[in-house]
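This is what each chain is made of:
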Amino acid sequence: ALPILAGVKGLTMLDHKQVTLEDTRAQFLIPKGPLVRNRAEASLERAQNLNPMVDVKVDTEDIETKDEGFFTQFDAVCLTCCSRDVMVKIDHICHKHNIKFFTGDVFGYHGFMFADLGEHEFVEEKTKVVKSRVGAEDGPEVKKVKLDENETTMVKKTVTFCQLKDALEVDWSSEKAKAALRKTPSDYFLIHVLMKFRTDKGRDPLPDSYAEDCDLLLQIRNDVMDSLAVNPDLIPEDFASYCFSEMAPVCAVVGGVLSQEIVKALSQRDPPHNNFFFFDGMKGSGIVDSLGTK
């Protein structure tokens with residue numbers, strides 16, 4: 001919603017799935033009504049009403065049917081509810097064509113966003129440093145450096161992002177990675193588990209199959225952590241019970257940060273989050289971390 005409010009030229013909502021009861025509870029763009037309707041089409045009216053000056057379009061085709069040329073028409077692409085393979089594939093296309101790439105998801109009390117802006121230039125507002133002279137009564141005349149809060153200057157900077165594939169395939173057996181492991185958010189590894197669940201089951205954990213999905217999540221946790229060569233205890237045993245449904249407050253936080261980063265990237269103002277943002281609703285805390293970058 002924020003990019004529409006910010007006044008981007010146009011926005012296309014691509015979604016081939018039908019509205020579910022869960023969507024009506026977590027997605028404020030979808031009004032109450034029959035469930036037998038496309039999610040993007042159901043969201044169009046409220047999305048357009050946010051800013052009539054923005055050209056909001058709907059595409060009901062499956063993202064997996066889209067070729068490379070489809071994505072090159074956009075300045076930024078944002079994915080949600082996609083499989084890991086689809087995210088990696090589309091990020092590769094965007095990175096190749098210098099298109100800003102974002103992805104994010106919410107799983108119960110946990111959520112994340114990832115950005116790949118390639119070689120990204122931006123300007124940052126800095127308080128100007130001025131030199132003032134000290135009076136003769138203070139001794140020999142000298143120049144004193146101070147910050148003038150009333151005067152600012154714009155500083156141009158460049159930052160380099162890695163692709164999602166590199167960020168997800170960190171070699172945790174290296175000495176550098178082992179040293180960084182203590183500071184790495186556990187949600188980074190949790191995302192690996194939930195992506196694997198989505199790939200294996202073709203869906204996210206469901207309350208209707210709570211017991212079955214909890215058991216599978218625990219098994220996937222052990223398998224994934226073994227494959228990454230890290231201790232499974234980095235993700236607590238009870239994690240599975242907090243990964244069901246899309247919690248509206250968590251959606252608000254993660255969606256807000258994700259939208260903010262899209263607007264910052266397109267306007268090229270202020271330092272972007274490079275490259276992950278993780279939110280833990282149980283702790284009520286979010287953290288930005290850079291993983292996979294050289």
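Each value, and the rule that gives it
Residues numbered from 1 in each chain as written. Predicted model: local features only at pLDDT ≥ 70, side-chain atom pairs only at ≥ 80, totals over all residues. Heavy atoms only, no water. Axes fitted to C-alpha atoms, helices over the stretch in contact; angles between N-to-C directions. Helix = DSSP H or I, 4+ residues; strand = E, 2+ residues; numbered from the N terminus. Parallel < 35°, antiparallel > 145°, perpendicular 65-115°, else oblique. Left-handed = near helix turned anticlockwise from the far one by under 90°. Contact = heavy atoms within 4.5 Å. Pairing = 2+ DSSP bridges. Expected span 1.5 Å × (residues − 1). Buried < 20%, exposed > 50% of the residue type's maximum accessible area, 1.4 Å probe, protein only. Arc of directions from axis to C-beta. Right-handed = clockwise from strand over helix to strand, strands pointing away. Polar contact = N/O pair within 3.5 Å; in protein donor to acceptor, adjacent residues only side chain to side chain.

### Here we look at the packing of helix H8 (residues 186-201) against helix H9 (residues 210-227)
Interaxial distance between H8 and H9 falls to 9 Å at its minimum, and their mutual angle equals 120°. As far as their axial angle goes, H9 and H8 are oblique. Along this stretch, H8 crosses H9, giving a crossing that reads as right-handed. Counted together, Phe189, His192, Val193, Leu194, Lys196, Phe197, Asp200 and Lys201 of H8 and Glu212, Asp213, Leu216, Leu217, Ile220, Arg221, Val224 and Met225 of H9 form the full contact between these two elements.

### Points about the sheet that holds strand S9 (residues 285-289)
Backbone hydrogen bonds are what pair the strands of a sheet, in a parallel or an antiparallel way. Spatially, the five strands line up as an open sheet ordered S3-S4-S5-S8-S9, and their pairing is mixed. If you trace the sheet from one side to the other, it starts and ends with strand S3 (76-79) and S9, each paired once. The sheet shows a mean angle of 15° between the axes of neighbouring strands, direction not considered. Note: strand S4 (residues 100-107) against strand S5 (residues 110-116), seven bridges, orientation antiparallel. Of the residues in S5, the one forming a bridge with Phe101 is Asp116. Of the strands in this sheet, S3, S4, S5 and strand S8 (276-280) are in contact with helix H10 (residues 248-267), which crosses S4 at around 175°.

### Some words on H9
Between its first and last C-alpha atoms H9 spans 25 Å; for 18 residues at 1.5 Å apiece the expected length is 26 Å, and the two agree. Of all the positions in H9, only Asp213, Cys214, Leu217, Ile220, Arg221, Val224 and Met225 are classed as buried. Along H9, the residues classed as buried sweep out an arc of 130° about the axis, all on the same side. What points out from H9, more than 90 degrees from its buried face, is the exposed set Ala211, Asp215, Asp226 and Ser227. Those residues of H9 hidden inside the fold are in contact with H8. Within two residues after H9, Ala229 carries a phi angle of roughly 60°, on the positive side.

### Thoughts on the pairing of S3
Residues Val77 and Leu79 point to one face of S3 and are all buried, whereas Ala76 and Cys78, pointing to the other face, are not buried. When S3 meets S4, the two strands line up parallel, connected through four bridges. Note on S4: the bridge partner recorded for Ala76 is Lys100. In terms of handedness, the path from S3 via helix H5 (residues 84-96) over to S4 forms a crossover that is right-handed.

### Quick look at the side chain of Gln163
The topology assignment puts Gln163 in the loop between strand S7 (143-160) and helix H6 (164-168). A polar contact of 3.4 Å, which involves the side chain of Gln163, links it to the side chain of His92.

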